[in-house]
Amino acid sequence: MTTQRSRRSSVRAVFETVVQEHAVTATLHDELWAVLWNRRYEDVDEPVWSVDSAYSGTLVFARELDALTWLIGLDTRETFLVLRVTGSAPPIGSRVRLLPAIAERWRFADVRRLGLGIELRFEDPTPIPDLIWVAILRSGVRRLAALIDARRVQLVSRRAQLGVVTESPTVDQVWREKIAAIGERVAFATDYTPQEHRSLAHARSKGARTGDEEEHRIVMARRLRYSERRDAEVAHFRSGEWQAIHDQVAAARSRYEEYRDEAIGLEDALQRLRSLAERAARAMILLDDLEQVEFPVRALSFDEERLEEPAYAQELLRSVELLHAAVPPRSASGAAHFSAYRARTAGPSVIPPRY
């Protein structure tokens, strides 16, 4: 059985519930209606509260009810949800995720904030678009694309200068190789003598019971000879030529690690630039769409000179993407005109006629 995520409601029902708990005026009722119709919805839904519920969408309405509570409208692109949340709301147009707080209250979890001082007001009944902001952001995206190209050229040039450096062994690897070589040389030098081979063959010919003791004596003598010789040569190697080898290997390894760190850093930076370049190209298309639908932006605070700051460049692209995501998802042809709505009142809600 599918769990119900929301229930049908109305602006009037929401407003009456809010009036019972907070000091609000009829203005809230009319503003919520305006947002509802500007978003191309016929009425609102209310979420079904449970401890494992979660809702994501675009924040399209937010009003502070008291010091601890906000009333927000969330466009999930499937429904228009009205929720009461704890904590301050981010700017309108932000992408948010809501999780349960206390009973019948919600809290903001993941938030992608709309930046650049952009102000959206979907409660304007008849917004008059001033599309100068599109030209400003389009100029900023072009400047960002030029900065990305220039930076990419610098990084590619530096990567070519680095060339290719083969990975050098570590000090531990060289030490193990040297000790293994000493062990092999000592093992060859301390192998069984011809006399010991004859004695072993003679002991084994006597059988397991009578020859084991003699065989064990010969084997242990050879092992002792190997251990003493190996320990002596390792000690001589450690106190002699090892220090010079150690310094040479450590220096080579340090040079390689510096090369590797810079090469990886350059590759990561180039990958980030490729991603930014793709997003910048996409942003130009999104701005064209926003201009075509005459999307209204009330305020904008954009400083093109700050685009060399990585965080500010990200904020520009993120804001364009969020603006495009905030365009009403439903076709305008199926929406009623807000101008057909009644005069401002807190009276019973009615559905405007469609033309």
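Residues numbered from 1 in each chain as written. Predicted model: local features only at pLDDT ≥ 70, side-chain atom pairs only at ≥ 80, totals over all residues. Heavy atoms only, no water.

1. Details of the nonpolar core
Worth spelling out the cut-off: Among buried residues, those of type Ala, Val, Leu, Ile, Met, Phe, Trp, Tyr and Cys that are joined through side-chain atoms within 4.5 Å constitute a nonpolar core. Relative accessibility under 20% of the residue-type maximum defines a buried residue, over 50% an exposed one, and the middle range a partly exposed one, all with a 1.4 Å probe and only protein chains included. Under the scheme used here, helices are H or I runs from DSSP no shorter than 4 residues and strands are E runs no shorter than 2 residues, and both carry numbers assigned from the N terminus.
Counting 71 residues, the largest nonpolar core has Leu120, Phe295 and Leu323 as the members making the most contacts within it. The leading source of residues in this core is helix H7 (residues 242-292), at 13 residues. Membership of the second largest hydrophobic core comes to 9 residues, among which are Ile182, Val186, Phe237 and Trp242.

2. Overview of the pattern of salt bridges
Where we set the bar: Salt bridge, as used here: a side-chain nitrogen of Lys or Arg that lies within 4 Å of a carboxyl oxygen of Asp or Glu.
Going through the model one piece at a time under the given rule, you end up with 22 salt bridges. Salt-bridge contacts for aspartate 75 lead to arginine 39; the nearest nitrogen and oxygen are separated by 2.9 Å. One end of the pair, aspartate 75, is in strand E4 (residues 69-75); the other, arginine 39, is in the loop between helix H2 (26-38) and strand E2 (45-47), and 36 residues separate them in sequence. This pair shows no difference in class: aspartate 75 is buried, exactly as arginine 39 is. A salt bridge links arginine 143 to glutamate 305; the nearest nitrogen and oxygen atoms lie 3.9 Å apart. Residue arginine 143 is located in helix H3 (residues 132-162), and its partner glutamate 305 is located in the loop between H7 and helix H8 (310-325); the two are separated by 162 residues in the primary sequence. Each member of the salt-bridge network shares a partner with another, and the members are Glu31, Arg63, Glu119, Arg121, Glu123 and Arg298.

3. Topic: the environment of isoleucine 72
For clarity, the threshold we go by: Residues are treated as being in contact if the distance between any of their heavy atoms lies within 4.5 Å.
By the element assignment, isoleucine 72 lies in strand E4. Sequence spacing of isoleucine 72 and valine 85 is 13 residues, and the spatial spacing of their C-alpha atoms is 7.3 Å. Excluding anything up to four places from it in sequence, isoleucine 72 contacts Leu59, Phe61, Ala62, Leu81, Val82, Leu83, Val85, Leu98 and Phe108.

4. Some thoughts on the confidence of the model for the chain
Close inspection of predicted coordinates is inappropriate for parts of the model with low pLDDT. Worth spelling out the cut-off: Within a predicted model, pLDDT stands for the predictor's per-residue confidence, ranging from 0 to 100.
Per-chain confidence: the chain averages 82 in pLDDT, with 85% of residues scoring 70 or above. Long-range and interchain partners of residues 331-355, a stretch whose pLDDT sits below 50, account for 45 contacts in this model, where long-range means more than four residues apart.

5. Considering the pairing of E4
Under the convention used in this document: Note: two strands are recorded as paired if DSSP finds a minimum of 2 bridges between them.
E4 sits mainly inside the fold: 7 of its 7 residues count as buried. Here E4 shows a buried face lined by Thr69, Leu71, Gly73 and Asp75 and a second buried face lined by Trp70, Ile72 and Leu74. With 6 bridges joining them, strand E3 (residues 55-64) and E4 adopt antiparallel strand pairing. Considered in E4, the bridge of phenylalanine 61 is made with glycine 73. Hairpin connection of E3 to E4: 4 residues between the antiparallel strands. Pairing geometry for E4 and strand E5 (residues 80-86), over 7 bridges, is antiparallel.

6. A word on the layout of surface pockets
Empty pockets left among the atoms are what a rolling probe the size of a water molecule brings to light. Rules: Cavities and pockets were defined on a 1 Å grid built over protein atoms only: a cavity is a set of grid points that admits a 1.4 Å probe from which the probe cannot escape, a pocket is an open set flanked by protein on both sides within 12 Å along at least five of seven lines, and lining residues are those with an atom within 4 Å of any such point. Grid points are joined across faces, edges and corners, and a volume is the space filled by probe spheres set on the points.
Looking at the second largest pocket, its volume works out to about 420 Å³. Surrounding the second largest pocket, 17 residues form its lining, Arg151, Leu273, Leu276, Glu308 and Pro310 being those nearest its centre. For the lining of the second largest pocket, the elements supplying multiple residues, two or more each, are H3, H7 and H8. Sort the elements by how many residues they give to the lining of the second largest pocket and H3 lands first, with 7 residues.

7. Some remarks on the side chain of glutamate 123
To be explicit about the condition: Think of a polar contact as two N or O atoms within 3.5 Å of one another; within protein, one of them needs to be a possible hydrogen donor and the other a possible acceptor, and neighboring residues in sequence only count if both atoms come from side chains.
Along the chain, glutamate 123 falls in the loop between strand E7 (106-112) and H3. Side-chain polar atoms of glutamate 123 contact the side chain of arginine 63, separated by 2.3 Å. A distance of 2.2 Å separates a polar atom in the side chain of glutamate 123 from a polar atom in the side chain of arginine 121. Other than its neighbours up to four places away in sequence, glutamate 123 contacts Glu31, Ala34, Val35, Asn38 and Arg63.

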